[in-house]
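Spelled out, the chains give:
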Amino acid sequence: MKDKLLIIGASGHGKVVADTALKMKTWKSIAFLDSDESIIPPFNLEIIGLSNDASRYLEQYDVFVGIGNNAIREKIQDQLELEGASIPVLIHPSAVIGEQVKLASGTIVMAGVVINCYTTVGKGCIVNTSATIDHDNLIGDYVHISPGANLAGTVTIGKGSWLGIGSAVSNNVNITQDCKVGAGTVVIKDLTETGTYVGVPARRV
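Residues numbered from 1 in each chain as written. Predicted model: local features only at pLDDT ≥ 70, side-chain atom pairs only at ≥ 80, totals over all residues. Heavy atoms only, no water.

- Going by an unreviewed UniProt entry, the protein chain carries the name Acetyltransferase and comes from Paenibacillus lignilyticus.

Structure representation (structure tokens):
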């Protein structure tokens, strides 16, 4: 653990990452990397280099990938891991985390989230604003659980899947990897085939 944090990406998701990190009061300084010269960094923080410059800063900074796209986030974090980067977990102070919950590196838990006991969340995940994850869930790597999504008990979400805003997953349901579950979709049985699902109940499109 370093005393400085470097966030890759200073746009939409990166802003929320920075806001969460600032509220944690863990790092003496926070900066960004971003290759888009038109971006004005939030919170009067500084952009100190391009998005692919992280390797230059690994000895001084913890590094966090502030990019919302699951596949891009995976690619960048996997490379950082190969280079020996220190990749923290970010947890907003207002989140409620139960006992025996495991959160892997590069995961962010945002404001108002509830994660109940005996749940495991993989690396590089986004558990977005006011999402709820109940007991005994298993969330794979690089999953994005959007704002207001609700997962009941004993749910499994495969690697790289994305659950849209306000979606709901019933208890004891498994969702395979690389699925996209649309906003407001209700999943009441296993999704065994990769694809996009919408509706109440969920159907593949």
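**As for the sheet that holds strand E21 (residues 186-187)**
Part 1: Taking strand neighbours across the sheet as the criterion, the six strands line up as E6-E9-E12-E15-E18-E21 in an open arrangement whose pairing is parallel. Two strands in the sheet have a free side with no partner beyond their single neighbour: strand E6 (96-97) and E21.
Part 2: Relative to strand E12 (residues 132-133), strand E9 (residues 114-115) runs parallel, the two sharing two bridges. Among the inter-strand pairings, Val 114 is bridged to a residue of E12, identified as Thr 132. (Pairing = 2+ DSSP bridges. Helix = DSSP H or I, 4+ residues; strand = E, 2+ residues; numbered from the N terminus.)

**Considerations on the side chain of Ser 146**
Part 1: Along the chain, Ser 146 falls in the loop between strand E14 (144-145) and strand E15 (150-151).
Part 2: By relative accessible area, which is 4% here, Ser 146 ends up buried.
Part 3: Of the polar contacts made by the side chain of Ser 146, one reaches the side chain of Trp 162; its length is 3.3 Å.
Part 4: In contact with Ser 146, other than residues within four places in its own chain, are Asn 128, Ala 131, Trp 162, Leu 163, Gly 164 and Ile 165. (Buried < 20%, exposed > 50% of the residue type's maximum accessible area, 1.4 Å probe, protein only. Polar contact = N/O pair within 3.5 Å; in protein donor to acceptor, adjacent residues only side chain to side chain. Contact = heavy atoms within 4.5 Å.)

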